[in-house]
Amino acid sequence: DHGGHGSPGADVARRAVGLAHEALLYERLRLLGVAFETEDDLRLREEEKTPDAKLATPLLLRWRDSRGRTVERFVHWVDSKASFCDHDSFQSACITQFDTYARRFGPGLAVHWFGYVSGVVEHHAAAGEHDTRRAASSVLVSDDFPPKGVELVQLEVDVQAHMRQCSKT
């Protein structure tokens, strides 16, 4: 008996919960009319490290901070995490996943469906190791999709194609 959370049964259950939450993310993206590629789509193109959803065009997320100021951030990918995000798990994910995604695809959003420690991103953006600070500044964390209190603005133009075209001239 392996017992605990390292047992084969626990691994199967954890994987099933993860896949169910990925499916929930995909369903919500489709309901919003957001074009995206799944992790499987990206792997067919031989992409090695992939977020769960790579957006065809970035989404602009707009919200008001605690001081009432409007904050806007673009996201190019969304990753589904069927887990709670504490400081240790965020640092581990930043180094192993989010930094890679941000370098390849731009800033993104990590949805931790079971919640997260308030201020976890800000803490690591300010006080983490160099790689962690860089990655933390390129990812937003939410416990839902779309995030509560956040306006999603879909762009009509493929920004990356436009940028490539501009760099040619």
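Relevant structure appears above.
Definitions and cut-offs
Residues numbered from 1 in each chain as written. Predicted model: local features only at pLDDT ≥ 70, side-chain atom pairs only at ≥ 80, totals over all residues. Heavy atoms only, no water. Helix = DSSP H or I, 4+ residues; strand = E, 2+ residues; numbered from the N terminus. Contact = heavy atoms within 4.5 Å. Areas by Shrake-Rupley, 256 points an atom, 1.4 Å probe, with all protein chains shown as cover. Expected span 1.5 Å × (residues − 1). Buried < 20%, exposed > 50% of the residue type's maximum accessible area, 1.4 Å probe, protein only. Lys, Arg positive; Asp, Glu negative; His and termini not counted. Salt bridge = Lys/Arg side-chain N within 4 Å of Asp/Glu carboxyl O. Pairing = 2+ DSSP bridges.

### A word on the overall build of the protein chain
Part 1 of the argument: Along its length, the protein chain carries six helices and six strands.
Part 2 of the argument: Listing the helices and strands of the protein chain from first to last along the sequence gives α-β-α-β-β-α-β-α-α-β-β-α.
Part 3 of the argument: Across the protein chain, every contact between residues at least 6 apart in sequence was considered, and the portion connecting residues at least 24 apart equals 70%.
Part 4 of the argument: For the protein chain, the accessible area works out to roughly 9800 Å², and carbon and sulfur atoms hold 52% of it.

### Points about helix H1 (residues 8–31)
Part 1 of the argument: Counted at 1.5 Å a residue, the expected span for H1 with its 24 residues is 34 Å, and the 35 Å between its end C-alpha atoms agrees.
Part 2 of the argument: Taken as a whole, H1 has its buried residues at Ala10, Gly18, His21, Glu22, Leu25, Tyr26 and Leu29.
Part 3 of the argument: The secondary structure elements touched by the buried residues of H1 are strand S1 (36–38), helix H2 (39–44), strand S2 (53–64) and strand S3 (70–81).
Part 4 of the argument: At the C-terminal side of H1, Gly33 shows a positive phi close to 75°.

### With respect to the side chain of Glu22
Part 1 of the argument: Along the chain, Glu22 turns up in helix H1.
Part 2 of the argument: This buried residue, Glu22, is left without a salt bridge; Arg15 holds the nearest opposite charge, at 4.2 Å.
Part 3 of the argument: When sequence neighbours within four positions are dropped, the list of residues in contact with Glu22 reads Arg15, Glu39, Asp52 and Ser80.

### Some points on the pairing of S2
Part 1 of the argument: Bridge count for S1 against S2 is three bridges, and the pairing is antiparallel. Directly across from Glu37, in S2, lies its bridge partner Lys54.
Part 2 of the argument: Hairpin connection between S2 and S3: a loop of five residues separates the two successive antiparallel strands, and Gly68 in this loop has a positive phi of roughly 85°.
Part 3 of the argument: Two strands pair when backbone bridges link them, and S2 and strand S6 (residues 151–154) are joined in this way by four bridges, in the antiparallel orientation. Bridge pairing links Leu60 to Val153 in S6.

### Quick look at the pattern of salt bridges
Part 1 of the argument: In the structure shown here, the tally under the stated rule is 10 salt bridges.
Part 2 of the argument: The residue Arg28 makes a salt bridge to Asp144 at a minimum N-O spacing of 2.4 Å. Taken as a pair, Arg28 in helix H1 and Asp144 in the loop between strand S5 (139–142) and S6 lie far apart in primary sequence, 116 residues in all.
Part 3 of the argument: The class for Arg28 is partly exposed, based on a relative accessible area of 26%.
Part 4 of the argument: Of the residues examined, Asp144 reaches a relative accessible area of 15% and is grouped as buried.
Part 5 of the argument: A salt bridge links Asp144 to Lys148, with the nearest nitrogen and oxygen atoms 3.1 Å apart.
Part 6 of the argument: Ionic contacts of the salt-bridge type, sharing partners, join the residues Arg28, Asp143, Asp144 and Lys148 into one network.

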